[in-house]
Amino acid sequence: MTSSCLFLINKLPESELILTETLDALLTFSAFDLEVSVLLLDDGVNLINATPCHTACESMFSRFMETLDFYGIEPVWVESESLASREILLNPVSHRLRLLTRQELPAWLRQYSVVLGQ
Amino acid sequence: MIGFCYSRRVSVGAKQVILTQSVGKFIHFSIKFMKYAIQVNMAPGENGVSKTAWLFIKAARNAGHEVLRVFFYHAGVENAFVSPTEFGYDLPDWSSLALTDGVELVYCTTAAERRGKWSEAALGGFKAGGLGLWVDACLRADRVIVFG
């Protein structure tokens, strides 16, 4: 029996529609009493980019975090090398983010029964 | 004397077939048949993802594996509405996979409605469903694969 599910976001959602549907999937899994986690990896970390040219991403991310918070899904895991290579600074909601190194990733992934790329 | 022994053993989560053949020396084969849950997130013709998924399912079934359900989500719901004969290029024939091979194809109704497909009839073999069916497939499967 599956007990935990990881949503791996490795690219910036092309539109708000895709993000909404990702949230729908995430919340459906959590409604089935599964332990749900989220990992931002590679280009997925652009979701938290708060620079002025990415205001749309910022609002998407705020909504994303608010929804996860509402359903008690936290923390959101972020791969630190992906952040560093894109020179992304964490925004004010960063206290709800946990960093993970690329080295830790393989062992950390093993705890999940299902890993879903979005 | 050439002997052939075939035994079928069902283990937790997956069927396991053990073939034991004796031709002078013992050769032991162990094939584990998997149950797959497949999600398709790309529209037909988009990067060839949908075709790759279709080919994977055909190959998995030919190898004796079971595909519990194919769930079409995001832009993947377009697969339920685009007939392979409508376009000049090579598109996967999902309907035949359902109607001939008995693979369960489910498209997400909400994702389809968001793309203006609420009034169109889906192709033969496709069923309308919700994310609950995808969760159910993930819980029952040995392997979960997302295309796109």
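Structure first, text after, so check above.
Criteria and cut-off values
- Residues numbered from 1 in each chain as written.
- Chains lettered and ligands numbered in written order.
- Predicted model: local features only at pLDDT ≥ 70, side-chain atom pairs only at ≥ 80, totals over all residues.
- Helix = DSSP H or I, 4+ residues; strand = E, 2+ residues; numbered from the N terminus.
- Buried ≥ 20, exposed ≤ 12 C-beta atoms within 10 Å, placed from the backbone.
- Contact = placed C-beta atoms within 7 Å.
- Nonpolar A, V, L, I, M, F, W, Y, C, P; charged D, E, K, R; others polar.
- Pairing = 2+ DSSP bridges.
- Axes fitted to C-alpha atoms, helices over the stretch in contact; angles between N-to-C directions.

Colleague: I keep staring at the overall build of chain A and nothing clicks. Help me out?
Modeller: Looking only at helices and strands, one finds four helices and five strands in chain A. In sequence order, chain A lays out its α and β elements as β-α-β-α-β-α-β-α-β. Taking all 118 residues of chain A together, 31% fall into the buried category.

Colleague: How should I be thinking about the interface of chain B and chain A in this particular structure?
Modeller: The figure often quoted for interface size is the accessible area lost as the parts come together. Taken together, the contacts link 12 residues of chain B with 13 residues of chain A. Within the residue set of the side of chain B that touches chain A, elements represented by two or more residues are α3 (109-114), α4 (131-140) and β8 (143-147) of chain B. Top contributing element to the side of chain B that touches chain A by residue count: α4(B), with five residues. Of the residues belonging to the side of chain B that touches chain A, the class tally is eight nonpolar, three polar and one charged.

Colleague: Quick question: what am I supposed to make of the sheet that holds strand β1 (residues 4-9) of chain A here?
Modeller: Paired through backbone hydrogen bonds, the strands of a sheet run either parallel or antiparallel to each other. Residues and elements named next belong to chain A. Taken in spatial order, the five strands line up as β4-β3-β2-β1-β5 in an open sheet, and their pairing is parallel. Both outer strands of the open sheet, β4 (97-100) and β5 (114-117), are each paired with one neighbouring strand and no more. Each strand of the sheet is rotated relative to its neighbour by a mean of 25°, with strand direction disregarded. As paired elements, strand β2 (residues 35-40) and strand β3 (residues 76-79) share three bridges and run parallel to each other. By the bridge assignment, V38 is partnered in β3 with V76.

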